[in-house]
Amino acid sequence: MGPAAFAPAKINLFLHVGAPGADGYHPLCSLMVFADIGDRVSVHEADALALRVHGPFAAGLPTEDADNLVLRAARALMARARGPQPPLALSLDKRLPVAAGLGGGSSDAGAALRLVREALSLTLEDRELEAIAAELGADGAACLWGRPVLAEGRGERLSPAPGLPALEAVLVNPGVSVSTPEIYRAFDAAGSFADIAPPPMPEVFESVEELAGWLRATTNDLQAPAVALAPAIGDVLETLADEPEALLARMSGSGATCFALCGSDIQAETLAERLEAMRPAWWVKRCRLGGPWEAETLG
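Residues numbered from 1 in each chain as written. Predicted model: local features only at pLDDT ≥ 70, side-chain atom pairs only at ≥ 80, totals over all residues. Heavy atoms only, no water.

1. Thoughts on the overall build of the protein chain
Of the regular secondary structure elements, the protein chain holds nine helices and 10 strands. The C-alpha radius of gyration of the protein chain comes to 19 Å, within 12% of the 19 Å expected for a compact globule of 299 residues. Counting only C-alpha atoms, the protein chain reaches 55 × 45 × 35 Å along its principal axes. As presented, the protein chain carries roughly 12800 Å² of accessible surface, and 52% of it is formed by carbon and sulfur atoms. Mean positive and mean negative side-chain charge positions of the protein chain (23 and 39 charges, respectively) differ by 3 Å. (Helix = DSSP H or I, 4+ residues; strand = E, 2+ residues; numbered from the N terminus. Rg over C-alpha atoms; globule rule 2.2 N^0.38 Å. Areas by Shrake-Rupley, 256 points an atom, 1.4 Å probe, with all protein chains shown as cover. Lys, Arg positive; Asp, Glu negative; His and termini not counted. Charge placed at Lys NZ, Arg CZ, Asp CG, Glu CD.)

Spelled out as structure tokens, the structure:
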């Protein structure tokens, strides 16, 4: 196995979604952070560009170019490179649930972009990687570097997040898959479009309690339609809200993964252990949120 890069899970602390424009795309505003858990992408020599997927969530992940963001990212990068390039194969250790609101595909693609540029010693600037990443989807630009950011527009307009304390959290996925297009259709049908101007925020959040209090005045606008389409998400949110360690419980992205912010690592550990015992069928992971985590290529 050759060099590897980490692809962290993305969490939307809030997600405000506006009315679709003439092109059908929804403008958004979101405060995004990244977890110290995620997938891992590695590269090795090969006869032709290919992708091998393994890990606990490998099943069902598309490996055809048209549907797989890792291969699309690698091909787009090589197309921009000057001169012929030796073929590489990529391996993806898929540890995050698929289509789970964690930006897994975008984060995997971002890791592949960083990794392939490094492996081939390509003289492509960061902004060129960012342009490729932004073309891959709304989370693409933010997931390239895995830094806390405020994302606007279609997700491609990024500005630095406020200073954040250590954020101890628990991620929970009930094991249901949700369709992002279906959730957006339900969201459009409801017609409750948000103000997407960035909410006033301090330069620094001094504590997780202060952040959780501030976040209560924000929302994930896709949460209500997601709960209506997949009631198991509502079950997760109600369960988390009833637990004493959870300062805030919310869904990430278009679901189905939810998160709870906790006051300390011990509280997060306690909550995760209790949830695993209560609901053994759920995917439960205790993590720390922030970033970047291992942003550079790993040996």
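2. Side note on the side chain of Lys94
For Lys94, the position within the fold is in the loop between β4 (88–93) and α2 (104–119). Judged by its relative accessible area of 2%, Lys94 falls in the buried class. Beyond its immediate sequence surroundings of up to four residues, Lys94 is in contact with Asp39, Val53, His54, Gly55, Pro56, Phe57, Ala58, Leu61, Gly104, Gly105 and Asp108. (Buried < 20%, exposed > 50% of the residue type's maximum accessible area, 1.4 Å probe, protein only. Contact = heavy atoms within 4.5 Å.)

3. A few points about the pattern of salt bridges
Counted according to the given criterion, the structure contains 15 salt bridges. Of the charged contacts in the structure, one is a salt bridge between Asp235 and Arg279, with a shortest N-O distance of 2.8 Å. Linking Asp235 in helix α8 (residues 231–241) with Arg279 in the loop between α9 (265–278) and β10 (283–290), this pair joins segments that are 44 residues apart in sequence. Judged by relative accessible area, which is 27%, Asp235 ranks as partly exposed. Overall, Arg279 belongs to the partly exposed group, its relative accessible area being 28%. Connected via shared salt-bridge partners are Glu168, Glu269, Arg286 and Arg288. (Salt bridge = Lys/Arg side-chain N within 4 Å of Asp/Glu carboxyl O.)

4. Notes on the pairing of strand β1 (residues 4–17)
Within β1, 14 of the 14 residues are buried, which leaves the element mostly enclosed by the surrounding structure. As paired elements, β1 and strand β2 (residues 28–45) share 12 bridges and run antiparallel to each other. Bridging from a neighbouring strand, Ala4 pairs with Ser42 of β2. (Pairing = 2+ DSSP bridges.)

5. A few points about empty space enclosed by the protein
Tallied over the full model, the rule gives two cavities of 30 Å³ or more. Computed from the structure, the second largest cavity encloses a volume of approximately 30 Å³. If you trace the second largest cavity, you find it lined by Ser106, Ala109, Gly110, Leu113, Ala133, Leu136 and Gly140. It is α2 that provides the largest number of residues to the lining of the second largest cavity, a total of four residues. (1 Å grid on protein atoms, 1.4 Å probe; cavity = no way out; pocket = protein on both sides within 12 Å on 5 of 7 lines; lining within 4 Å. Points joined across faces, edges and corners; volume = space filled by probe spheres on them.)

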